[in-house]
Amino acid sequence: MSQISDLSEFESLLSLCEEYEFENKKETESYLYLADEVGKLISESENKPLYDINLLDLFNVTEPMTSTIISLILKYKISGDYVLCRSFIKTFLEPREFRMEWFETPLITAEKDRLDVCIQEPDKYAIIIENKLKGAEFQRNQIARYIEKMRKKGYNDDRIFIIVLPDRIDQQLFNHINKSVWYLPNDWLSPNQERACAYDKLSCKCDLDLPFEFCNGCEKDLLEKFEHRTDILDLNFIEWLEDKCIPKIPKREIVLRSAVEQFVDFLKGIFNKRLNDKMIMELEQFLRKKLLCEQKEPLEQWNLIKSKKKEIGDLLTGLTGLQSSVGKDLVDKWKEQLTGKWHNLRFKEKGTFYIEILGIKCGCWCDNEQGPYWGFQCENPNEEQKEFVEKILERVDVDSSKSTNTWIAWDYTLKGAELCETFYQAAKDLNYLPD
């Protein structure tokens, strides 16, 4: 009798699981159908976004390129006055103790001394603009090192200002990155991976609260010292460009105005703000009709929306996992295309392949979130190895802004096989590989 009872309970449990899976599948399919309907609504609405032909997106500009664009905008002068730079500083830094009487003839640079953008006037002030618009990770001690560089140039702390341009809206950004970004160790001039406190590619031992005597000499209060002279710009940067920057540019300066407008649209794409207010209202009405019962009380509607957002978040997590899996399939397809063409093609796991040249791994990999990327990977590369990669990229006319201590160059791609073939041929042409 006991076995029959256990079997009956097992069958009931199995039936319940199947019913749950069926309902879960129906719920997922309903959200995918709803997403299709939303896409159709946007494409057919008179309020739909303008025809999408943003050149910065089209040519996949690199982070240094966006830094150059920012510096060129700020360099614009009318009758000798840096009107846009003045407005930028007045808007964002005057509320943070910057005194406008300091501002006169700024030196504005991009990608110099490892600073993305820097605005400075000797003996007056230095403004560090850290550009993360393309999603680059904060490096170990990064902001602390930049501050110390400005100190070494003679700027006092109260004349050093920091602006961060993130790739997402997060006013608590500094709580969500390694605290060591703001820590200055004694050996801060040493290469990133050679610092005594290094734990992994990005972190210090103190990020994991590991006991370490070397940390005793580390300056750890820079965030507190500079917090009131630091700003994170996201949507307010877009607002400044639209409301204060463009109106100051004469209409005859059509190239500059066009460049700023393209940059504004590019930023709206990063922050997912390309839909206009009317289109957002139209979507709101559509979702209200599809998801809410008007007879329910506002509290019930609120809880229903909260529940739906969680379910959609779960769906997004699933889609992200699926995208990662398909990304690895794509890399494996490139690997198949190159098998037989590349000598000594290596692969240890799904979604990766490479060959070794001068101790450098050249190939493609797949990031779980961002997708496939090509790269030249090497632990502690020497000057000869760096020069090799530079020659390859120059020969195939590929620009890469992305690099770390162990990646000489890398970037995301959806054309991995084509790119790797050009790398391989360039290496042969330069006599790094046998014919």
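Residues numbered from 1 in each chain as written. Predicted model: local features only at pLDDT ≥ 70, side-chain atom pairs only at ≥ 80, totals over all residues. Heavy atoms only, no water.

Novice: Would you take a moment to explain the overall build of the chain for this structure?
Specialist: A tally of helices and strands in the chain yields 12 helices and nine strands. Across the 435 residues of the chain, 41% fall into the buried class. Of the contacts formed within the chain by residues at least 6 apart in sequence, a portion of 64% connects residues at least 24 apart. Total accessible area on the chain is roughly 25600 Å²; 51% of this is exposed by carbon and sulfur atoms. (Helix = DSSP H or I, 4+ residues; strand = E, 2+ residues; numbered from the N terminus. Buried < 20%, exposed > 50% of the residue type's maximum accessible area, 1.4 Å probe, protein only. Contact = heavy atoms within 4.5 Å. Areas by Shrake-Rupley, 256 points an atom, 1.4 Å probe, with all protein chains shown as cover.)

Novice: Before we go on, may I ask you to explain the packing of aromatic side chains in this structure?
Specialist: For any pair of aromatic rings, the description rests on two quantities: the centre-to-centre distance and the angle between the ring planes. Here the structure, examined in full by the defined rule, presents 24 aromatic pairs. Relative to Phe92, the ring of Phe88 lies with its centre 5.2 Å away and its plane at 65°, an arrangement referred to as edge-to-face. Of this pair, Phe88 and Phe92 both sit in helix 4 (residues 83–92), four residues apart, which is roughly one turn of that helix. According to the relative accessible area criterion, Phe88 is buried, its value standing at 2%. Phe92 gets classed as buried once you look at its relative accessible area, which sits at 5%. Arranged with centres 5.3 Å apart and planes meeting at 75°, the rings of Phe88 and Trp240 form a pair that is edge-to-face. With Phe88 in helix 4 and Trp240 in helix 7 (residues 235–245), the pair connects residues that are 152 residues apart, well separated along the chain. (Phe/Tyr/Trp six-rings, centres within 6.5 Å; stacked < 30°, edge-to-face > 60°.)

Novice: Hey, could you run me through the sheet that holds strand 2 (residues 115–121) in this one?
Specialist: Strands in a sheet are paired, the pairing made by backbone hydrogen bonds, and the direction either parallel or antiparallel. Pairing is mixed across the open sheet formed by five strands, whose spatial order is 1-2-3-4-5. Two strands lie at the open edges of the sheet, namely strand 1 (107–112) and strand 5 (230–232), each paired on one side alone. Strand-to-strand twist of the sheet, defined as the mean angle between neighbouring strand axes without regard to direction, takes the value 15°. Pairing geometry for strand 1 and strand 2, over five bridges, is antiparallel. Note that in strand 2 the partner of Leu107 across the bridge is Gln120. (Pairing = 2+ DSSP bridges. Axes fitted to C-alpha atoms, helices over the stretch in contact; angles between N-to-C directions.)

Novice: Even after reading the chapter, I still don't get the pairing of strand 4 (residues 160–165), so can you show me in this structure?
Specialist: Sheet faces and side chains relate simply in a regular strand, where the side chains alternate between the two faces. Of all the six residues making up strand 4, six are buried; the element is thus mostly covered by neighbouring parts of the structure. Alternating positions in strand 4 separate into two faces, Ile160, Ile162 and Val164 on one and Phe161, Ile163 and Leu165 on the other, with burial throughout. Pairing analysis gives six bridges linking strand 3 (residues 125–131) to strand 4, with the strands arranged parallel. The partner of Asn131 across the bridge, within strand 4, is Leu165. For the segment spanning strand 3, helix 5 (residues 142–152) and strand 4, crossover handedness is right-handed. (Right-handed = clockwise from strand over helix to strand, strands pointing away.)

Novice: Any chance you could explain the sheet that holds strand 8 (residues 371–377) here in plain terms?
Specialist: One open sheet holds the four strands; their spatial order is 6-7-8-9, and the pairing between them is antiparallel. The two strands at the open ends of the sheet, each matched to only one other strand, are strand 6 (353–357) and strand 9 (407–412). Along the sheet, successive strands turn relative to each other by an average axial angle of 20°, direction set aside. Against the sheet, helix 10 (residues 298–338) engages strand 6, strand 7 (360–367) and strand 8, with an angle of about 145° to strand 7.

Novice: Quick question: what am I supposed to make of the pattern of salt bridges here?
Specialist: Side chains that differ in charge, positive against negative, can pair when their charged atoms come close. Evaluated as defined, the whole model comprises 25 salt bridges. Here Lys124 and Glu104 are joined by a salt bridge, their closest N and O atoms 2.9 Å apart. Here Glu104 lies in the loop between helix 4 and strand 1 and Lys124 lies in the loop between strand 2 and strand 3, a separation of 20 residues in the sequence. According to the relative accessible area criterion, Lys124 is partly exposed, its value standing at 23%. The closest approach of N and O atoms between Lys386 and Glu383, which form a salt bridge, is 3.9 Å. With a gap of three residues between them, Lys386 and Glu383 both fall in helix 11 (residues 383–396), about one helical turn apart. Look at Lys386 and you get partly exposed, because its relative accessible area is 37%. Look at the salt bridges and you will find they share partners, linking Glu148, Arg151, Lys152, Asp157, Glu219, Asp221 and Lys225 into a network. (Salt bridge = Lys/Arg side-chain N within 4 Å of Asp/Glu carboxyl O.)

Novice: So what exactly am I meant to see when it comes to a nonpolar patch on the surface here?
Specialist: A cluster of nonpolar side chains, namely Ile53, Leu55, Leu58 and Phe59, defines an oily patch on the protein surface of about 450 Å² accessible area. Residue placement: Ile53 occurs in the loop between helix 1 (2–44) and helix 2 (55–58). (Patch = residues over 30% accessible without salt bridge, like charges linked within 9 Å, V, L, I, M, F, W, Y side chains within 5 Å.)

Novice: In this structure, what is going on with the packing of helix 11 against helix 12 (residues 416–429)? I would like to understand it.
Specialist: Relative placement of two packed helices is described by the angle separating their axes and the distance separating the axes. In contact at an axis separation of 9 Å, helix 11 and helix 12 are set at 110° when each is read in the N-to-C sense. By the criterion of interaxial angle, the relationship of helix 11 to helix 12 is roughly perpendicular. When the axes of helix 11 and helix 12 are compared, the crossing they make is right-handed. The residues of helix 12 that touch helix 11, namely those facing Phe388, Ile392, Leu393, Arg395 and Val396, are Thr422, Phe423, Ala426, Ala427 and Asp429. Taken together, the residues of the contact of helix 11 with helix 12 sort by class into seven nonpolar, one polar and two charged. (Parallel < 35°, antiparallel > 145°, perpendicular 65-115°, else oblique. Left-handed = near helix turned anticlockwise from the far one by under 90°. Nonpolar A, V, L, I, M, F, W, Y, C, P; charged D, E, K, R; others polar.)

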